[in-house]
Amino acid sequence: EELAKRMEANPYYSLRAFSRSLQLTPGGVSEIVAGKRGLSLKRAQKILLHLNLSPEKEKEFLKPFFSNLNKSNEIIYNQINSDMLKVMSTWYYFALLSLACLENSKSDEEWVAHRLGISTEKSKEALDRLEKLQLIKRKKGKLTRTSTPLQTSDGVPSIYLQKLHSEFLLKSIENLKEVPVDLRDNTAMVMSIDPKNIKKAKLKIKNFRRSLAKLMESGNQSEVYALNISLTPLTKNEDTK
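A brief structural summary. In this text the structure is predicted, and so the values were computed from the model without any measurement. Throughout this description, residue numbers start from 1 for each chain and increase along the sequence as written. Per-residue local features of the predicted model are confined to residues with pLDDT of at least 70, and side-chain atom pairs are confined, for both listing and counting, to 80 or more; whole-chain, interface and lining totals are unaffected and use all residues. Hydrogens and waters are ignored; side-chain quantities use all the structure's heavy atoms.

Considerations on the pairing of strand β2 (residues 136-139)
Thinking step 1. Strand pairing is defined by DSSP finding a minimum of two bridges between the two strands. Strands here are runs of E lasting at least two residues and helices are runs of H or I lasting at least four, both read from the DSSP assignment and numbered beginning at the N terminus. Inspection of the sheet shows β2 paired to strand β3 (residues 142-145) by 4 bridges, in the antiparallel sense. Looking at β3, one finds that R138 is bridged to L143.
Thinking step 2. Taking the residues between adjacent antiparallel strands as the criterion, β2 and β3 are bridged by 2 residues, where K140 takes a positive phi near 55 degrees.

Written out as structure tokens, the structure is:
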């Protein structure tokens, strides 16, 4: 689309000139334009630096990397490493990543602070750290997410993950009184179980979470929500003293 636009403005403009402006080889650009070669997120971000697109067009360009669908139309999540989790073990870091996906997202520190209910100092610190980690981008007053969906370790104990889950659960408890019931959902179910089925249950919960995320992230995104599902024992093991 950008190549066609430039060639229309200048009949002498060539694919070679376009390749030079993107700092890529003509052969590589030709294959990308023809759909014969895909783009990694890293390469796409580098190309964006040279396209000078509007914030809206940048979001459109990076949208495939946000959804990151495989052939089964399922979202592929990228594993977050322990060092990154240590930096992001506070709830509003992940909330800020989703905030960057909203239609009206702004890079203004006070706007972010207001939308998340945190201080301007915390907002600035989080914005700076996420930008340094190359998970978001600030340009012309707009906030854009440049990372694919992230997932934390599964079944591996982590004090930082414990802290993160605790904070999300506390936010859920706070919202019981502060948020109208038609804007939230809190339910509980008590059951007697066979512990052998816990592994299967965790897999079903995981698949449900991702299916729900796909539904909720469609349409006009204007708010950020967190889903907390807790499957936890209410009895002590008989062998426990």
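Observations concerning unusual backbone geometry
Thinking step 1. A positive phi angle is found at Q23, which is not glycine, with a value near 60 degrees.
Thinking step 2. Mapped onto the secondary structure, Q23 falls in the loop between α2 (15-22) and α3 (26-33).
Thinking step 3. Despite not being glycine, Q134 shows a phi value in the positive range, around 60 degrees.
Thinking step 4. Locating Q134 in the fold gives a position in the loop between α9 (120-132) and β2.

Here we look at the nonpolar core
Thinking step 1. As used in this record, nonpolar core signifies buried Ala, Val, Leu, Ile, Met, Phe, Trp, Tyr and Cys residues forming a set joined through side-chain atoms within 4.5 Å. Burial classes follow relative accessibility: with a 1.4 Å probe on protein chains only, a residue under 20% of its type's maximum area counts as buried, one over 50% as exposed, and anything between as partly exposed. Counting 29 residues, the largest nonpolar core has M88, L96, L97, V112, L116, L130 and I136 as its most contacted members.
Thinking step 2. Among the elements that take part in this core, helix α7 (residues 91-99) stands out by supplying 8 residues, more than any other.
Thinking step 3. Whether two residues touch is decided by their heavy atoms; if any such pair falls within 4.5 Å, the residues are in contact. Those residues in contact with L116 that lie beyond four places of it in its chain are W91, Y92, A95, L96 and L99.
Thinking step 4. L3, A44, L48 and L51 belong to the second-largest nonpolar core, a separate cluster that totals 13 residues.

Considerations on the environment of L15
Thinking step 1. Mapped onto the secondary structure, L15 falls in helix α2.
Thinking step 2. When the C-alpha atoms of L15 and A4 are compared, they prove to be 9.8 Å apart, with 11 residues separating the residues in sequence.

A short note on the pattern of salt bridges
Thinking step 1. Just to be clear on terms, a salt bridge is a Lys or Arg side-chain nitrogen sitting within 4 Å of an Asp or Glu carboxyl oxygen. Tallied over the full model, the rule gives 8 salt bridges.
Thinking step 2. Among the salt bridges present, the one from R115 reaches E223, with a minimum N-O distance of 2.7 Å. Of this pair, R115 sits in helix α8 (residues 109-116) while E223 is found in the segment after α11 (198-216), placing the two residues 108 residues apart along the sequence.
Thinking step 3. Take E223: its relative accessible area is 52%, and that puts it in the exposed class.
Thinking step 4. Between K171 and E174 there is a salt bridge, and its shortest N-O distance comes to 3.7 Å.

What to know about the environment of L62
Thinking step 1. With respect to the helices, strands and loops of the structure, L62 is situated in helix α5 (residues 55-67).
Thinking step 2. You can call L62 buried: its relative accessible area is 2%.
Thinking step 3. Not counting the four nearest positions on each side in its chain, L62 is found in contact with L41, A44, L48, T144, R145 and T146.

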